[in-house]
Each structure stands twice: as C-alpha cells, then as structure tokens.
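# Observations on the three-dimensional arrangement
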Amino acid sequence: MFLGEFSCLPVFYLLRLRDRRRAHRDRDRDRDRDRDRDPAPAPAPSRPFNALLFLPPALCDMAGTSIMYVALNMTSASSFQMLRGSLIIFTGLLSVAFLGRRLEWSHWAGIVLTILGLALVGLADLRGNPGGTGHGLADVITGDLLILLAQAIVSIQMVLEEKFIFSHDVHPLRAVGTEGLFGFSILALLLVPLSFIPAGRLSGNPRGVLEDPADAWCQIRREPLILAALLGNIGSISFFNFAGISVTRELSATTRTVLDSLRTLLVWALSLALRWERFHALQIPGFALLLAGAALYNGLHRALRGARNTGNAGSDPQEREALLGGDGDGGNIQG
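This write-up is about the structure you can find in this document. (Residues numbered from 1 in each chain as written. Predicted model: local features only at pLDDT ≥ 70, side-chain atom pairs only at ≥ 80, totals over all residues. Heavy atoms only, no water.)

So, about the packing of aromatic side chains. One pass over the full model with this rule turns up one aromatic pair. Between Phe12 and Tyr13, the aromatic rings sit 5.1 Å apart at their centres with planes inclined by 65°, giving edge-to-face as the arrangement. Over the ring of Phe196 we find Arg207; its NZ or CZ atom is 5.8 Å from the centre of that ring. (Phe/Tyr/Trp six-rings, centres within 6.5 Å; stacked < 30°, edge-to-face > 60°. Lys NZ or Arg CZ within 6 Å of the ring centre and 35° of its normal.)

In structure tokens, the structure reads:
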C-alpha cells in the first residue's frame, strides 16, 4: 500500500521538472518573438515545506489500515464497507473539537442518520452472521468494533491532512508520496521484529509469525497471479490516494469521505453476485440510511435547492467549504 503511495513522489518531481522546462522554453520563445516585451514570469517558488508534517498522518494511515485488514478477516466484505461510513461521525466530532468548526443542523442530522444506519448493519451481523463467512459471533462483533476503531484513527488522518494541505499549500502528489515514504520506511523496519513474533491462529504462514517475507516471496514466484494482484494494488492505491488528496484540497475532507463511501454499493453488489455473501434485508435500510446521512451531511439538500432556484447546482459557494461545511465561511484552515 505505502509503496503505491510512495510512487506518487517521483511523479511529482517529474511533473515539476517538466513545468520548469516548459516555462523556460516559453520565456525563450517570447524573448525571440518580441524583444521589447517582458518575458513570461517564472513559476512561483514552492512554499517552505517540512516533510515531517505528514509523519503523523502516515502513522494514522498505517495503524488504521492494519486494523481494518485484521477486521476484514473477521466479518463480511459488505459489512466492512458499510461500517466504514462511520468515518463521517468521527471526522465531524474531531472538526468541532480540534478545528473549532460549528456544525449546522444538516451535519448533525447526517450524523444521526449515519448512526442509525450503522446500528442496522451491526444488527444484520448479529442476526445469524448473514455474510456467510463462517466466522463465529464473537469474531463478527470483534471485527465490527475494530472497523469502528480504525475509522476513528483514519478520521484523525484526514483532519490532519486537510489542515496541513490548506495551511501549507502542499501539492496532492507530494502529500501522498511523502506519507508513502514514511509508511514504507517504517514498515520496512518493523518487518524485522514482526518476522519473529508468534501470531497463533491469526498467522497464515508456516512459521506461525506475524510476517514471513521468505514465504511471501516464495508464493509470488510460484503464482504469477499474486504478482499481478500486487502490482494492480500498488497502481490502484497510488491513483486512489492521489484522487482523495485532490478532493480534500479542492473541496473538503467530508466530500472525500462521501465519495469513498460509494464503493460500498459496488462491493456489496459484487459480493452478492459472486455468492460470497448471503442477502440480508436489514442491510438495505442500513445502507440507505448511511447514504442519506452522508448526502445530508455533505450539503446535498443545498445543492438541490440551488438547482431548483437557479437551474445551476454548481453555483452554491458552500460546496467548496474547507471542512465539514462548518459555518459556511469557506475560508482555508489556518495553521
């Protein structure tokens, strides 16, 4: 995962080099075409940037992702995706506590709907383990609680990312690549002690430890499909995180969480179509409440009202609020 994020960093420097060369070429062409006219201005220098600012978000990303992967082994894929909708709740509460934001009635209503949706999804898991994953009730409950814990950690990551991106004007590729560099380096160092820590039934390798790099490398060499899946995962994570940071920079962290939650429908539909899970009626109202809460929280009602009044839903300036709508000031978060 972090290798995919880290791959954004060389892309950022290549693009910056291309922009500099293009600016020099344009200035030379303007100078030759009109000696009396001032040359084109050089690209604005980058704002001073301390890479260590993205170490805390990288640690949150590493911890949250690790917990979610453990939880995924204890519950169904659809419940895993639906419970990730709790990210809006934690992000909203953290924005009030640490960023001084004031949430409007629509934000609180969205949080309430999200809580109700999560309750229905959790109830669907409790009533007979509808996912058909073969896990016991204790594993399902533990997995669901771990997912909620992971979303609390990820919400800290998103709030920190938005604060640093707005206050320091960091390019999305550079932000993702820097987090990937920290995460990849830390995990590479942790791989040594993890190779000697017993994991019991949580381990899936012959040695019974948390991580076994030799066994993993052996599987990759024997099965090309695993290598293809790893390369696809690296590419998709690289693009996904770049797109997520771009949405955070141009719109808000809440918009990013709403768009991210739309993956749930696709995962749920594919799981049912491939018969990896069994259908449970409680998941329908639960998922509907999660989507309704996310839409209301993100101000969809304002966009629809603006479209009805002006015929142009994109004219609402509140769609570009810094984080969670706040009080509608639309200003950047100051560091």
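Our next topic: the pattern of salt bridges. Side chains carrying opposite charge are able to pair once their charged atoms draw close together. Counted according to the given criterion, the structure contains two salt bridges. Across the salt bridge formed by Asp19 and Arg18, the nearest N and O atoms sit 3.2 Å from each other. Residue Asp19 is classed as partly exposed on the basis of its relative accessible area, which comes to 36%. For Arg18, a relative accessible area of 41% corresponds to the partly exposed category. The residue Asp212 makes a salt bridge to Arg207 at a minimum N-O spacing of 3.7 Å. According to the relative accessible area criterion, Asp212 is buried, its value standing at 10%. (Salt bridge = Lys/Arg side-chain N within 4 Å of Asp/Glu carboxyl O. Buried < 20%, exposed > 50% of the residue type's maximum accessible area, 1.4 Å probe, protein only.)

Its 15 residues give helix α13 (residues 283-297) an end-to-end C-alpha distance of 21 Å, which sits within 8% of 21 Å, the value for a rise of 1.5 Å per residue. The complete set of buried residues in α13 reads Gln283, Gly286, Phe287, Leu290, Gly293, Ala294, Leu296 and Tyr297. The first or second residue beyond α13 is Gly299, which carries a positive phi of 85°. (Helix = DSSP H or I, 4+ residues; strand = E, 2+ residues; numbered from the N terminus. Expected span 1.5 Å × (residues − 1).)

We now examine a nonpolar patch on the surface. A cluster of nonpolar side chains, Leu123, Leu126, Leu137, Ile141 and Leu145, forms an exposed patch at the surface whose accessible area comes to about 430 Å². Looking at the nonpolar patch, the elements with two or more residues in it are α6 (105-126) and α7 (137-168). At three residues, α7 tops the list of elements feeding residues into the nonpolar patch. Of note, Leu145 is situated in helix α7. Using a relative accessible area of 54% as the deciding quantity, one classes Leu145 as exposed. (Patch = residues over 30% accessible without salt bridge, like charges linked within 9 Å, V, L, I, M, F, W, Y side chains within 5 Å. Areas by Shrake-Rupley, 256 points an atom, 1.4 Å probe, with all protein chains shown as cover.)

Moving on, we come to the environment of Thr114. By the element assignment, Thr114 lies in helix α6. Taking C-alpha positions, Thr114 is 6.8 Å from Ser86, a pair spaced 28 residues apart along the chain. Of note is the side chain of Thr114, whose polar atom sits 2.7 Å from the backbone oxygen of Gly110. (Polar contact = N/O pair within 3.5 Å; in protein donor to acceptor, adjacent residues only side chain to side chain.)

Looking now at the packing of helix α3 (residues 55-72) against α7. As a packed pair, α3 and α7 sit with axes 8 Å apart at the nearest point and diverge in direction by 160°. The angle between the axes of α3 and α7 places the two elements in the roughly antiparallel class. Read as a crossing pair, α3 and α7 show a hand that is left-handed. Residues belonging to the contact of α3 with α7 are distributed by class as follows: 17 nonpolar, four polar and two charged. (Axes fitted to C-alpha atoms, helices over the stretch in contact; angles between N-to-C directions. Parallel < 35°, antiparallel > 145°, perpendicular 65-115°, else oblique. Left-handed = near helix turned anticlockwise from the far one by under 90°. Nonpolar A, V, L, I, M, F, W, Y, C, P; charged D, E, K, R; others polar.)

Direction vectors running N to C along α6 and α13 enclose 160°, while the axes themselves pass 7 Å from each other. As the angle between them shows, α6 and α13 are arranged roughly antiparallel. Of the two possible hands of crossing, α6 and α13 adopt the one that is left-handed. Residues belonging to the contact of α6 with α13 are distributed by class as follows: 15 nonpolar, eight polar and no charged.

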